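Chain and residue survey
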Amino acid sequence: MANRARQLIDQFKNETFLLRLHQFEGNISKLLSLGMVVVILAIVFDLAVVLVQAIFTSSPGMFLGQTVIDIFGLFLTVLIALEILENITAYLQKHVVQVELVIATALTAVGRKFIILDLTKVTGTTLIGLALAIFALAVSYWIVRSSHR
């Protein structure tokens, strides 16, 4: 009888611990969400400043150089931040990390890196590494996506 009571008390302690742990995870996820909102707002503000400066200060014909690449990089940075926020939101709702969404975010990040890459400053090894990363992520995305169907 005493052994059964001890088991019930231990089970209650474990359930209470798991409940507190679950609440802690939820609070941290909410804090991360708020932090990502601040980051997204800062990036959007930076993007607006860069756009206004590029439109009003660049001379004719000079806009299509590095400025456009910088603007594309900032746009993709906003998209990556939004995808990370979506990852956190999905975790809050389902308490599961969505692998497909994580891989899509990583693909976007590596794609962004390719777009903003200055080919005069990188080695062939770096390009091969980025290509392999994109290939591995694409294959992973295809496998995860096809397994969910």
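Cut-offs and rules
Residues numbered from 1 in each chain as written. Predicted model: local features only at pLDDT ≥ 70, side-chain atom pairs only at ≥ 80, totals over all residues. Heavy atoms only, no water. Patch = residues over 30% accessible without salt bridge, like charges linked within 9 Å, V, L, I, M, F, W, Y side chains within 5 Å. Areas by Shrake-Rupley, 256 points an atom, 1.4 Å probe, with all protein chains shown as cover. Salt bridge = Lys/Arg side-chain N within 4 Å of Asp/Glu carboxyl O. Helix = DSSP H or I, 4+ residues; strand = E, 2+ residues; numbered from the N terminus. Buried < 20%, exposed > 50% of the residue type's maximum accessible area, 1.4 Å probe, protein only.

1. Some points on a nonpolar patch on the surface
Together, Phe17, Leu18, Leu21, Phe24, Ile28, Leu31 and Leu32 make up a nonpolar patch on the protein surface, roughly 710 Å² of accessible area in all. Tracing the sequence through the fold places Leu18 in helix H1 (residues 2-57).

2. Description of the pattern of salt bridges
Applying the stated criterion across every chain yields a total of two salt bridges. In this structure, the salt-bridge partner of Glu100 is Arg145, at a minimum N-O distance of 3.0 Å. Highlighted residues: Glu100 in helix H3 (residues 99-116) and Arg145 in helix H4 (residues 124-147), separated in sequence by 45 residues. A relative accessible area of 35% places Arg145 in the partly exposed class. Between Lys121 and Asp118 there is a salt bridge, with its nearest N and O atoms 3.9 Å apart. Residue Asp118 is classed as partly exposed on the basis of its relative accessible area of 32%.

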